[in-house]
Amino acid sequence: MTHDDTLLRRLAADFAASRLALAGLALLAAIAAAAILAPWLAPQNPYDLAELDLAASRLPPGARSADGTTFWLGTDGQGRDMLSAILYGLRISIGVGVAATLLALAIGAAVGLVAAWAGGRTESVVMRVVDLQLSFPAILIALVLLAVLGPGVGKIVFALVAAQWAYYARTVRGAALAERRKEYVDAAVVLALPRARILFGHLLPNVLPPLVVVATVQVANAIALEATLSFLGLGLPVTEPSLGLLIANGYAYLLSGKYWISFFPGVALATTIVAVNLVGDRLRDALNPRLAQ
Amino acid sequence: MTVATLRVENLRTHFFTRHGVVKAVDGVSFEVRAGRILGLVGESGSGKSVTGFSILGLVDPPGRIVDGRILLEGRDLRALDAEGLRALRGDRVAMVFQDPMMTLNPVLTIGTQLAETVRAHRRVSRAAARDEARAALARVGIASPDARLAAYPHQFSGGMRQRVAIAIALINRPALVIADEPTTALDVTIQGQILAEMQSLVRASGAALVWITHDLAVVAGLADEVAVMYAGRIVERGPVDAVLDRPLHPYTRGLVDSVPSRRARGEPLRQIPGMAPSPAALPAGCAFRSRCDRASAACLAEPGATLTRDGREVRCFHPLEAP
Amino acid sequence: MTAPLLELRAVSMRFARPLDTAARIARALGANVGEAAVHALDGVSLAVAQGEVVGLVGESGCGKSTLARIAVGLHAPSAGERLWKGRPTASLRGDAALRARLAAQMIFQDPLASLNPRMRVAELVGEAPVVHGLVQRAGRRGYVAELLERVGLDASVARRYPHQLSGGQRARVGIARALAVRPELLVCDEAVAALDVSVQAQVLNLFAALRRDLGLAYLFISHDLGVVRYLADRVAVMYLGRIVESAPAEALFAAPRHPYTRALLAEMPRLEVRRKRFAAVRGEIPSPLAPPPGCHFHPRCPHAMPRCRMQRPELAEVAPGRFAACFLDVTAEPQ
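Remember, predicted model here, so these are calculated numbers, not experimental data.

Caption draft 1: Geometry of the overall build of chain C. Scanning chain C from N- to C-terminus turns up 12 helices and 12 strands. On C-alpha atoms alone, chain C measures out to a radius of gyration of 22 Å, which is about the 20 Å that the 2.2 N^0.38 rule sets for 335 residues. Its C-alpha atoms give chain C principal-axis dimensions of roughly 70 × 60 × 45 Å. Counting over 335 residues, chain C shows a buried share of 54%. One way to put it: in chain C the 43 positive side-chain charges average out to a point 3 Å from where the 30 negative ones average out.

Structure (C-alpha cells):
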C-alpha cells in the first residue's frame, strides 16, 4: 500500500487526538515563550541590584512601588518584583533542564550505542558501571557532586548530566540491541560500510526517536531536580535565582503570612512540570505501536 | 437438494478509517456443502481473511459488515446477537488461524483448554471432557496424548501447536471450519502432515471446510472447489479442475501462470503487470482492468457474475473462453 | 580448471548458548554443567561457479540461513574455510579483502526489515557505492537512477521511504542496493518467500534477467522447491545442518536419491496434483539442540536400518555429478 503519510504527520495526528495534550502543548509553548522573552516582558531586571529597592521588600501582590509600577505578584525580601523574578527564574530552570538533558542524552546515547555494538567485555564493564550509578538515587549523586564543586550554572548542569546519563545509556543499549538484530543492519555490514557510519548513520536514527520522547519527560525531572538542589541551597548562586531558590527565599516568610514569595514560584514550577509531562506522556503513547490503533 | 452448510450472500465488510472507507469485502457470495472443501484464494489485501473473520462475526471496529447474509445451516448469523454468536463459535463453527497462539492460551495446559472448549458448549462431566480431549489429540496425530494433556503450548513445536489448535477447533464436531492460512508458516513436510489430517477429519466428520490461502498449489491438492478473490470480490469460482486448468478470468490465468513449478526452467514466467490497487482507492468498474491486457471500455462498468455450463461463476466482460 | 567463485570447505558453525549466572556459579563450585551447543552447520561443503545458480533447499532448523550468512561473510565459520576465487578470505587483507566482500551480496527475506526505515531509496541504494568510491558523490543521482531502471523501478522512487513502497518495490530496491556495489554473486535467503505470487513471478523474472545480462551467480536458498526448480542449475538439499543430497536440478527433481529429498518432493504441493491424498512423512523435525545420532533423518526415514542409527553417512558421489549421504545408495540402488 502506498501512502504519503510520513511518520511525523501520523504522530502529529495521534498527538492531536488528545485535547489534554494539546492544552499541555499550548501551555508549554506559552511558558517557553515567557522564559525566552523574559528580558522584554519583565517589568524589572531582578539581577540588576541598582533596580532593587529594599524599601519595597515583601510587598503583597498588587502593591505599587514608590515610582508607580505595580508589583502584580508582590516582592521578595530584597524588594525584587516577583513576576520578574519568576520569568527570569523560569529562564534559568528551563535552560538548565534542557541543557542537562541534551548533554546527558548525547553522552548516554553514545555510550549505550558503543556498548551494544562492541558486546563482550566492553559491554559488560560499561553496563556494570551504569548499573552501579543507577543503584544510587540521582539526587544523592548530584548532592555529593555539588557539595564538592560548589554552586554555579555550569556546575549544576554537570551534576545533572552525571546523575542522568546512565539512564539514557541503558535505554539506548536496549533499543540498539533490538535494532541491531534487524536485517537492515546486516545489509549495511554486507555492504562493508565503515563501522562508525553504521553506528551513527544507520542505528542511531532508528534508536533516537523514542528516546527523544523519554528525554522530554526527563526535562521535567531535571527541572524538578535542579529546583530541589537550589532549594537546598546547593544549586545556583543567589545572584541568579532559579525557581527553586526563589521558593527557598520565601520559605522563611511562609508562616508569617507572606505566602506569595514562595507560592507563585511554586505555581510556576508545578505548571511547567505538568505541561512538560502532559506533552511527554502523549508523545510516548503516540509513539507506542501497541497503543496505536 | 440439501441446504448448504454455509451460504454467503452478497457480503460487504467495510472499514471506516481516518483515510476513508476501505471496501475490504465488497459483494462476496459462495456456498460450501457438508464434507466439501472450498479453497478461498487471493493475494494480500484481496479480502480473503476479512471474509473469514466476517463469517465468524470477528470483525473489529473500524470494520463493519454493512450488507449481505451469512447462512449457517439455514440460519442467518448476522441476525444473532453477540451472545448467540459466541455460543456458536467453537461449537458449530470453528476457526483455525495462521498463528496457533491466536487460539491457545500460553498459561493453561493443553488438556485444560481442550476440556474447557467441550464444557463451554456441552454439559459433560470433567472426566468425560478429559476423555474427549485425549481422543481429540489422538485424532490430529499427536503421539502419547495422555502425557501431552498436561503440557503447555510453549512445550510444543510450531507444527504441534497448530495440531492442537486444530484439535480444539474440531473437538465439538463443528459443521463449519474456517482455516486462515494454517500451514503457511510451517515446513513442507509438516504442512503435508496437517493437510493429510485436515483432509481425513473433514471427510470423516462431514464438516464443511473453507481453506483461506495465497497458495494455489495447496488448494489444488486439497480443495474440491476454489474461489479466487481480487480486490474484495470473487472474480472466479468453480470446481478446482475447471478453474485451474481452464481459467476464465484473466486474473486467475495470471495467478496460475505465476506459479513457477509449472513452467519449464529458465523460460520467463508470465507475470501479471503492475500491482494490486490499494483497497482504500479502488478504481470504478473491474478492479483488475488496469493490469489486464483484455480490458476495454466495457470494463469501466462493474462486471456481473456470469454462470457457465460447467457450473462456474466468473465476473469478467472478456473471459478467456466463451462461457 | 578455474577455481569456483565461492567455495565453502567443510564449514561448521557452532552456537554455544552461554551459561547463565546460576549455572556459572554451579560450575565454579564443581558441578558438571556444560554449555548447550547448537550445531547449526556440520561439515558443509558447497561451491558456486562463475555465473552458476545453486539452489539450496531445506526446512526450518536445517541451517540454511546460517549458511547464507557465512556465504556472504556476515559470520565467520567456527570450523572450515571460505574461499573466494580459490583464495581463503580469512587471509585476504586491505583492498583485496574489501573487493571480495563487496563481490558477494545478499538479498534478504524481509524486504521491509532489510531497508533502513529512515533512509530514502536514493540513499539506500547510493550510499555504499559512494563510500567505496565506485561513483563520485556528484554522479550518485544518475547512478541510482540507472540501477532503479535496471530493476524495473521508476526513477521517482528514489525520493521515497521504504514504508511508502509496495512489497514488490521494496524487494526491487533491495536488489538494486546489492547491485550498486557490482557484485558477482548474489546470496538470496528466502528472497521471494514474503511476496505475493504475482509479485514473486516478477522478481524471479528479474533474477533471471540479471543473470543473463550481468552474468551473476546465485546461491538461492528457499524452502519452496518450485522456485528453486525454476531457477537453479544445481540443487543441494540440507537436513539438520548437513547436506544430504546434491545434484543437477533436472536430475534431482526427476529422480531424487535421498529418502528425505523424496519425502520433500512428495509433499511439495503442485498445481497439477488434484485432490491428493497427503501421506505425510512421519514425525517432527528434531531440535538442532539434540539431533539424533547417526543419520539425522533416520527417525523419520521409512528405510532406516540399524546402521543408520549408529553411523553418519558421508556425502558420496553416487553417479556422475550426483552426491548423496545415505547408506541405501552405497549398498543397493533404490528402486
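Caption draft 2: View of the nonpolar core. The biggest cluster of nonpolar side chains holds 133 residues, and the ones touching the most others in it are L114 of chain B together with V173, I175, L204, F207, F220 and V235 of chain C. Composition of this core by domain shows at least three residues from each of domain 1 (6-92 + 174-275) and domain 2 (102-173) of chain B. Formed by 44 residues, the second largest nonpolar core is a distinct cluster that contains A159, A166, Y168 and V172 of chain A.

Caption draft 3: How the structure looks around the side chain of S114 of chain C. For S114 of chain C, the location among the structural elements is in the loop between β6 (104-107) and α4 (121-131). The class of S114 of chain C is buried, set by a relative accessible area of 3%.

Caption draft 4: Local environment of helix α6 (residues 138-149) of chain A. All names here are of chain A. With 12 residues, α6 should cover 16 Å at 1.5 Å per step; its first-to-last C-alpha distance of 16 Å lies within 8% of that length. The set of residues buried in α6 consists of I141, A142 and L146. Burial along α6 is one-sided: seen end-on, the buried residues are contained in an arc of 120°. Turned more than 90 degrees away from the buried face of α6, the exposed residues are A147 and V148. The secondary structure elements touched by the buried residues of α6 are α5 (120-134), α7 (153-180) and α9 (195-231). A positive phi of about 85° marks G150, the residue just after α6.

Caption draft 5: Geometry of the interface of chain A and chain C. Every contact between the two is made by 23 residues of chain A and, on the other side, 31 residues of chain C. Approximately 2,200 Å² of surface area, both sides summed, lies buried where chain A meets chain C, with 54% of it carried by carbon and sulfur atoms. Across the chain A-chain C interface, the total number found is two salt bridges. Between E127 of chain C and R197 of chain A there is a salt bridge, with its nearest N and O atoms 2.5 Å apart. Linking chain A to chain C there are 12 residue pairs in polar contact (both at pLDDT 80 or more).

Rules used in this analysis
- Residues numbered from 1 in each chain as written.
- Chains lettered and ligands numbered in written order.
- Predicted model: local features only at pLDDT ≥ 70, side-chain atom pairs only at ≥ 80, totals over all residues.
- Heavy atoms only, no water.
- Helix = DSSP H or I, 4+ residues; strand = E, 2+ residues; numbered from the N terminus.
- Rg over C-alpha atoms; globule rule 2.2 N^0.38 Å.
- Buried < 20%, exposed > 50% of the residue type's maximum accessible area, 1.4 Å probe, protein only.
- Lys, Arg positive; Asp, Glu negative; His and termini not counted.
- Charge placed at Lys NZ, Arg CZ, Asp CG, Glu CD.
- Core = buried A, V, L, I, M, F, W, Y, C linked by side-chain atoms within 4.5 Å.
- Domains from an automatic or database assignment.
- Expected span 1.5 Å × (residues − 1).
- Arc of directions from axis to C-beta.
- Contact = heavy atoms within 4.5 Å.
- Buried area = accessible area lost by both parts, 1.4 Å probe.
- Salt bridge = Lys/Arg side-chain N within 4 Å of Asp/Glu carboxyl O.
- Polar contact = N/O pair within 3.5 Å; in protein donor to acceptor, adjacent residues only side chain to side chain.

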